[in-house]
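Per-entry structural report
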Amino acid sequence: MTATIIDGNAIAQRKRAEVADRVAALARSGITPGLAVVIVGEDPASQVYVRNKEKACAEVGIRSEKVELPEQTTQQELMAVVEQLSARSDIHGMLVQFPLPDHLDEDAVVEAIPVTKDVDGFHPESIGRLLVGKETLVSCTPAGVMAILEETGVDLKGNEVVVVGRSNNVGKPVALLCLAQHATVTQCHSRTRDLPGHVGLADVLIVAVGRPEMVKGEWIKEGAIVIDVGINRTEDGRLVGDVEFETAAERASAITPVPGGVGPMTVAMLMQNTVLAAERATGRPQ
Ligand code: GUN
């Protein structure tokens, strides 16, 4: 079998167009969704990510507000900024870009964000609400994985989903989301004894371990759907995922490329979360 290559850019573009329609509907009621992004210090990668978020906001009609704080900002000062943004009714979603400088406590910052505005879905209560199936905001990368799976048309009910990776931001939430869709979910990780054996059972394989080409194509079941969340730079400068793409594509029925697969979905889902937070906050249909 030769896999269909899933075009994450095209799916993300469609999702952003849907968000723009919802923003336009809110605008007819006089509401403009607002997203606040706090960035501390000069980390170059963070600057790029934040710029991309602002650009996406401008494209869909969300008002974005960037708060730039110096590297030497104290915890108290940062918490005060988070508190001020939390209290504002024109800010429907907010996030603090990570990583923070070493002297700052990321957990304390996340926990200070109201769950209704937690568009990153990082708050322990947001994750807990997902666990028990209550209304919440789902973290953007797992939400992007689910949106891609929906586009493939696969019905997860009863299917074997294998998640490789158990991070709080991707592996764990994506497993919960698949479980909510009645998949039989196996969560693998660095200590899993027989990783090839587990991977070989997957109808849907989701890999988020952050190790270049760790999952080999020959492990994958013929016809599986493969979602590669990894993005790694090799020593010779190539961008690769956590899955060995060429060999996996010979066996899978559909596979996400790196780059151009899951990556573009993350910002699209941030836009979706922001408009959803605004709809909920203002009692509008979702
Ligand atoms: N740093 C890298 N990715 C992210 C993200 O999705 N959210 C935040 N807050 N920081 C990040």
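Preceding this section is the structure that the text describes.
Below is a short write-up of the structure. (Residues numbered from 1 in each chain as written. Predicted model: local features only at pLDDT ≥ 70, side-chain atom pairs only at ≥ 80, totals over all residues. Heavy atoms only, no water.)

1. Digging into the sheet that holds strand S7 (residues 204–207)
This is how the line gets drawn: Note on pairing: two strands pair once DSSP finds at least 2 bridges between them. We count a stretch as a helix when DSSP gives it H or I for four or more residues in a row; a strand needs E for two or more, and each element gets its number in order from the N terminus. Pairs of residues are marked as contacts when any of their non-hydrogen atoms sit within 4.5 Å. Here an axis means a line fitted to C-alpha atoms, over the contact stretch when the element is a helix, while the angle between two N-to-C directions is reported on a 0 to 180 degree scale.
Here 6 strands make up an open sheet; going across it, the order is S1-S11-S8-S7-S5-S6 and the pairing parallel. Strands with a single pairing partner mark the edges of an open sheet, and in this sheet they are strand S1 (4–5) and strand S6 (184–188). Sheet topology note: the strand S8 (residues 225–228)/strand S11 (residues 254–255) ladder contains 2 bridges and is parallel. Across the sheet, residue Val226 finds its bridge partner in S11, namely Ile255. In the packing of helix H6 (residues 140–152) onto the sheet, the strands contacted are S7 and S8, and the crossing angle to S8 comes to about 155°. Against the sheet, helix H7 (residues 171–180) makes contact with strand S5 (160–164), S6 and S7, and its axis sits at roughly 170° relative to S6, the strand it touches most.

2. Here's the deal with the layout of surface pockets
The line we're drawing: The way it works is a 1 Å grid over only the protein atoms, where trapped points that fit a 1.4 Å probe form a cavity and open points with protein on both sides within 12 Å along at least five of seven lines form a pocket, and then any residue with an atom within 4 Å of a point lines it. Grid points are joined across faces, edges and corners, and a volume is the space filled by probe spheres set on the points. The residue classification treats Ala, Val, Leu, Ile, Met, Phe, Trp, Tyr, Cys and Pro as nonpolar and Asp, Glu, Lys and Arg as charged. All others, Gly included, are polar.
The space that makes up the largest pocket amounts to roughly 1400 Å³. Around the largest pocket, the lining comprises 45 residues; the ones closest to its centre are Tyr49, Thr141, Ile231, Gly263 and Thr266. Of all the secondary-structure elements, those providing two or more residues to the lining of the largest pocket are helix H1 (8–28), helix H2 (44–60), strand S4 (93–96), H6 and helix H10 (263–281). A total of 8 residues in the lining of the largest pocket trace back to one element, the largest contributor, which is H2. Residue classes in the lining of the largest pocket are distributed as 22 nonpolar, 15 polar and 8 charged. The space that makes up the second largest pocket amounts to roughly 460 Å³. As for the second largest pocket, its lining consists of 22 residues, and the residues nearest its centre are Val138, Ala143, Met146, Leu177 and Gln272.

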